[in-house]
Amino acid sequence: MVIIKNPEQINGIRASSQLAAQTLKYALSLVRPGISTEEINKFTHKFIINNGAIPAPLNYEGFPKSICTSINNVVCHGIPSPKDILKNGDIINIDITTILHGYYGDVSATVGVDKISSETKLLIERTRTALTKAIAQLKPGRSLNKSVGVTIQNYLAPFGYSPVRELGGHGVGIHFHEDPFVFHYRHPDGDIILKPGMIFTIEPMVNASPNWHVTFDRSDGWTVRTRDGSLSCQFEHTILITPTGSEILTQL
Ligand code: MF3
Ligand code: CO
Ligand code: CO
């Protein structure tokens, strides 16, 4: 069941989303060759706590850290580690979810470490554009899947990229993951019509190949990787459906 949020809940989720976005900005400022993802996790954890919030990933279904750090062929849910040291030419997605006064905000972005190839820059720019194009379609009365899934898939296909299918966006705010499941490709089954007060994420994970398949790490239980080893890139926003369109709650 999709929760329609009331004005008080919307204000709470907006505040948490703004903190998540500020935290993401801070985390991205730490990215440089030689830093480990564990160091980024440690500093970012402190930032969230110092702002009166809780990092939602920590202990979520057993997740051991406060943020997700996903490097190169890691699609999402990468676990920060002192062994993962960033180097020139890597790309990294940092995913931040905060709980502030009980409300959740969820946001992520991908950046290059130092100098990345022009090909990789294009992957990052096009993934960001896919998210922006989907958001531009949102409006009460429209179909969620036509606005988001179809828009993203159609935009990416000519580049030879593919949106991952096993994972998607989600309702968010009162809980970490709520209905609806937000497909990033055409999937008419179970589609819904957008209504004011809905809040969900759009978070396309985009593989730099036509192969959308992923693997789930069986030893750490979390890390998702591209099956063919290609790079994968992701951007995420938490979005409110308003009477006239949408508001990006995680936009600074
Ligand atoms: N923030 C992720 C999302 O966008 C979820 C991470 S779950 C975790 O849905 F446990 F890995 F943190
Ligand atoms: Co999310
Ligand atoms: Co997230």
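Residues numbered from 1 in each chain as written. Chains lettered and ligands numbered in written order. Predicted model: local features only at pLDDT ≥ 70, side-chain atom pairs only at ≥ 80, totals over all residues. Heavy atoms only, no water.

Caption draft 1: Examining the coordination of the cobalt ion (ligand 2) more closely. Ligation of the cobalt ion (ligand 2) by protein atoms is provided by D106 (OD), H170 (NE2), E203 (OE) and E236 (OE), these donors lying 2.0 to 2.2 Å from the ion. Bound by 6 donor atoms, the cobalt ion (ligand 2) shows angles of 48 to 161° at the metal and therefore irregular coordination geometry. In the primary sequence, the donor residues of the cobalt ion (ligand 2) line up as D-x63-H-x32-E-x32-E. Here the cobalt ion (ligand 3) and the cobalt ion (ligand 2) are spaced 3.3 Å from one another, each receiving a donor from D106. With E203 in the loop between β9 (199-202) and β10 (205-207) and E236 in the loop between β13 (232-234) and β14 (237-241), this residue pair connects regions lying 33 residues apart in the sequence. (Donors = N, O, S within 2.8 Å, 3.2 Å for Na, K, Ca; no water. Tetrahedral: all angles 85-135°; square planar, octahedral: opposite > 155°, others 65-115°. Helix = DSSP H or I, 4+ residues; strand = E, 2+ residues; numbered from the N terminus.)

Caption draft 2: Just the coordination of the cobalt ion (ligand 3), in detail. Taken together, the protein ligands of the cobalt ion (ligand 3) are D95 (OD), D95 (OD), D106 (OD) and E236 (OE), with distances of 2.1 to 2.3 Å. Taken together, the 6 donor atoms coordinating the cobalt ion (ligand 3) and their angles of 58 to 167° define a geometry best described as irregular. Between the donor residues of the cobalt ion (ligand 3), the gaps in sequence give the motif D-x10-D-x129-E.

Caption draft 3: Structural context of the sheet that holds strand β6 (residues 162-163). Pairing in this open sheet of 3 strands is antiparallel, and the strands run β6-β10-β13 from one edge to the other. In the strand order of this sheet, the two ends are held by β6 and β13, each with one partner. Of the strand pairs in this sheet, β6 and β10 are connected by 2 bridges, and their pairing is antiparallel. Residue pairing in the sheet places P163 in a bridge with V206 of β10. Against the sheet, helix α3 (residues 118-137) engages β10 and β13, with an angle of about 40° to β13. (Pairing = 2+ DSSP bridges. Contact = heavy atoms within 4.5 Å. Axes fitted to C-alpha atoms, helices over the stretch in contact; angles between N-to-C directions.)

Caption draft 4: Up close: the pattern of salt bridges. Under the defined criterion, the tally for this structure stands at 6 salt bridges. Note that K5 is salt-bridged to E178, the shortest N-O span being 2.6 Å. With a gap of 173 residues between them, K5 in the segment before α1 (7-29) and E178 in strand β8 (residues 178-182) connect regions that are remote in the sequence. (Salt bridge = Lys/Arg side-chain N within 4 Å of Asp/Glu carboxyl O.)

Caption draft 5: Focus on the site of ligand 1. By nearness alone, 14 residues border ligand 1, and P57, D95, H177, E203 and E236 come closest of all. Contact between ligand 1 and H177: an oxygen atom at 2.9 Å from a side-chain N or O atom of the residue. In terms of residue class, the shell around ligand 1 is built from 6 nonpolar, 4 polar and 4 charged. (Near = heavy atom within 4 Å. Polar contact = N/O pair within 3.5 Å; in protein donor to acceptor, adjacent residues only side chain to side chain. Nonpolar A, V, L, I, M, F, W, Y, C, P; charged D, E, K, R; others polar.)

Caption draft 6: Region of the structure containing the nonpolar core. Grouped together as the largest cluster of nonpolar side chains are 45 residues, with contacts concentrated most on I40, I94, I96, L138, F200 and I202. When contributions to this core are tallied by element, the ones reaching two or more residues are α1, α2 (37-50), β4 (91-100), β5 (103-112), α3, α4 (144-156), β9 and β14. Tallying contributions element by element places α3 first for this core, with 6 residues. If sequence neighbours within four positions are ignored, I96 has contacts with A20, T23, L24, A27, T44, I48, I67, G105, D106 and V107. (Core = buried A, V, L, I, M, F, W, Y, C linked by side-chain atoms within 4.5 Å. Buried < 20%, exposed > 50% of the residue type's maximum accessible area, 1.4 Å probe, protein only.)

Caption draft 7: Seen up close, the side chain of S66. Mapped onto the elements of the fold, S66 is located in the loop between β1 (54-55) and β2 (68-71). There is a polar contact of 2.7 Å between the side chain of S66 and the side chain of H45.

Caption draft 8: Quick peek at the packing of aromatic side chains. Under the counting rule described, the total for this entry stands at 8 aromatic pairs. Their ring planes at 55° and their centres at 4.6 Å tell us that Y60 and F176 sit as a pair that is tilted. Here Y60, found in the loop between β1 and β2, pairs with F176, found in the loop between β7 (169-171) and β8; they are 116 residues apart in sequence, far enough to count as distant. Put simply, the rings of Y60, Y104 and F176 pair up and form one aromatic cluster. Residue placement shows K42 over the ring face of F43; its charged tip is 5.1 Å from the ring centre. (Phe/Tyr/Trp six-rings, centres within 6.5 Å; stacked < 30°, edge-to-face > 60°. Lys NZ or Arg CZ within 6 Å of the ring centre and 35° of its normal.)

Caption draft 9: The arrangement of the packing of α3 against α4 in detail. For the pair α3 and α4, the least separation of the axes is 9 Å and the interaxial angle reads 145°. The hand of the α3/α4 crossing is right-handed. Counted together, R126, T129, A130, K133, A134 and Q137 of α3 and S147, V148, T151, I152, Y155 and L156 of α4 form the full contact between these two elements. For the contact of α3 with α4, the per-class residue count stands at 6 nonpolar, 4 polar and 2 charged. (Left-handed = near helix turned anticlockwise from the far one by under 90°.)

Caption draft 10: Region of the structure containing the state of the cysteines. Using the criterion set out here, one finds 0 disulfides in the structure. With no disulfide of its own, C76 has C68 as its nearest cysteine by sulfur position, at a separation of 7.5 Å. A disulfide-free cysteine, C233 has its sulfur positioned 12 Å from the sulfur of C76, the nearest such atom. Judged by relative accessible area, which is 1%, C233 ranks as buried. (Disulfide = S-S within 2.5 Å.)

The quantities given are spatial measurements derived from coordinates; they are silent on function.
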